[in-house]
Amino acid sequence: MRDKKWVRGKTYAADGFEIEVTGETYEGIGKTWDDTEKRWKYGYKVVFEDKNSVIAQNPNVLERAYFVSKLQSLPTKESLVSIISSKTFDPKKEALIMEPVDIPEVTGQGEVEITNYNPNKIEFKTQTKNNEFLIFSDTYNDGWKLTRNGIKENIYQANLALRGIVVPPGQNTFTME
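Residues numbered from 1 in each chain as written. Predicted model: local features only at pLDDT ≥ 70, side-chain atom pairs only at ≥ 80, totals over all residues. Heavy atoms only, no water.

Peer 1: Whenever I open this one, the side chain of Asn172 confuses me. Can you help?
Peer 2: Among the structural elements, Asn172 can be located in strand β17 (residues 170-176). In terms of polar contacts, Asn172 uses its side chain to reach the side chain of Asn149, at 3.0 Å. The contacts of Asn172, once residues within four sequence positions are left out, are Phe124, Lys125, Thr126, Arg148, Asn149 and Val167. (Helix = DSSP H or I, 4+ residues; strand = E, 2+ residues; numbered from the N terminus. Polar contact = N/O pair within 3.5 Å; in protein donor to acceptor, adjacent residues only side chain to side chain. Contact = heavy atoms within 4.5 Å.)

Put into structure tokens, the structure is as follows:
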């Protein structure tokens, strides 16, 4: 929680930062630092509130699973962190991994259908014309195993925290457990 402690009577965002409440507005909701303007910007939309709770919608939330149009394999964690920390990094379009992958180019084009989603097992189908790279916006963990059409495949740690999967052309059925 970034060194913040939960205190009864105060309001916190999911990242642990205190939300500054002034009158009817919630200034801290979705606050992000704008390095260009040297000030905090707020992007979440309040969708529900009562005297005890505020629920805000993140307009920049990532899909559960999505294809990226840019894939980079980097030699060190430091180089990966440097790119992720830059203002130009777009996690909706880019995947950064630290293992070599034999995909000359990705387009970000394809379809994914999650057919079963449980805490310990995920089943999904894909349809692509080319080799593509799919991101699951679930936390990467070494314990997960992946099969494609019954054959064991790799799960890559993407963008430091997410699961990444190489998807070959055509129709494929995957199971992650």
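Peer 1: Help me understand unusual backbone geometry in this model?
Peer 2: The general pattern is negative phi for most residues beyond glycine and trans for most peptide bonds. Non-glycine residue Asn149 carries a positive phi angle of around 50°. Within the element layout of this structure, Asn149 appears in the loop between β13 (146-148) and β14 (151-153). Judged by relative accessible area, which is 43%, Asn149 ranks as partly exposed. (Buried < 20%, exposed > 50% of the residue type's maximum accessible area, 1.4 Å probe, protein only.)

Peer 1: Which parts of the structure should I look at to understand the packing of aromatic side chains?
Peer 2: The tally for this structure, following the rule as stated, stands at three aromatic pairs. Measuring from centroid to centroid gives 4.8 Å for Phe124 and Phe136, while their planes differ by 55°, and the two rings are tilted. Within this pair, whereas Phe124 is found in strand β11 (residues 121-128), its partner Phe136 is found in strand β12 (residues 132-139), the two being separated by twelve residues in sequence. Given a relative accessible area of 0%, Phe136 falls into the buried group. For the ring pair Phe133 and Tyr156, a centre distance of 6.1 Å and an interplane angle of 50° mean the geometry is tilted. (Phe/Tyr/Trp six-rings, centres within 6.5 Å; stacked < 30°, edge-to-face > 60°.)

Peer 1: Where do I start with the pattern of salt bridges in this structure?
Peer 2: When charged atoms on two side chains of opposite charge get close, those side chains can pair. Evaluation of the coordinates by the stated rule reveals four salt bridges. The residue Asp138 makes a salt bridge to Arg64 at a minimum N-O spacing of 2.7 Å. Here Asp138 is found in strand β12, whereas its partner Arg64 is found in the loop between β6 (54-57) and β7 (65-67), with 74 residues between them in sequence. One salt bridge connects Arg148 with Glu153, and the closest N-O pair in it is separated by 2.9 Å. Judged by its relative accessible area of 25%, Glu153 is partly exposed. Put simply, Arg64, Asp138 and Arg163 are held in one network by salt bridges that share partners. (Salt bridge = Lys/Arg side-chain N within 4 Å of Asp/Glu carboxyl O.)

Peer 1: Help me understand the sheet that holds strand β15 (residues 156-158), please; the structure alone is not making it clear to me.
Peer 2: Sheet strands associate in pairs through backbone hydrogen bonding, adopting either a parallel or an antiparallel arrangement. Spatially, the four strands line up as an open sheet ordered β7-β12-β16-β15, and their pairing is antiparallel. The sheet is open, and its two borders are formed by β7 and β15, each paired with just one other strand. In this sheet, adjacent strand axes meet at a mean angle of 35° when their direction is disregarded. As defined by bridge partners, β7 adjoins β12 across three bridges and the pair is classed as antiparallel. Across the sheet, residue Tyr66 finds its bridge partner in β12, namely Ile135. (Pairing = 2+ DSSP bridges. Axes fitted to C-alpha atoms, helices over the stretch in contact; angles between N-to-C directions.)

Peer 1: What's the story with the sheet that holds β13 in this structure? I'm lost.
Peer 2: On the basis of which strands lie adjacent, the open sheet formed by five strands has the order β10-β11-β17-β13-β14 and antiparallel pairing. The outermost strands of the open sheet, each flanked by one partner alone, are β10 (111-118) and β14. Sheet twist, expressed as the average angle between the axes of neighbouring strands with direction ignored, equals 25°. Pairing geometry for β10 and β11, over seven bridges, is antiparallel. Bridged to Glu111 within β11 is Gln127.

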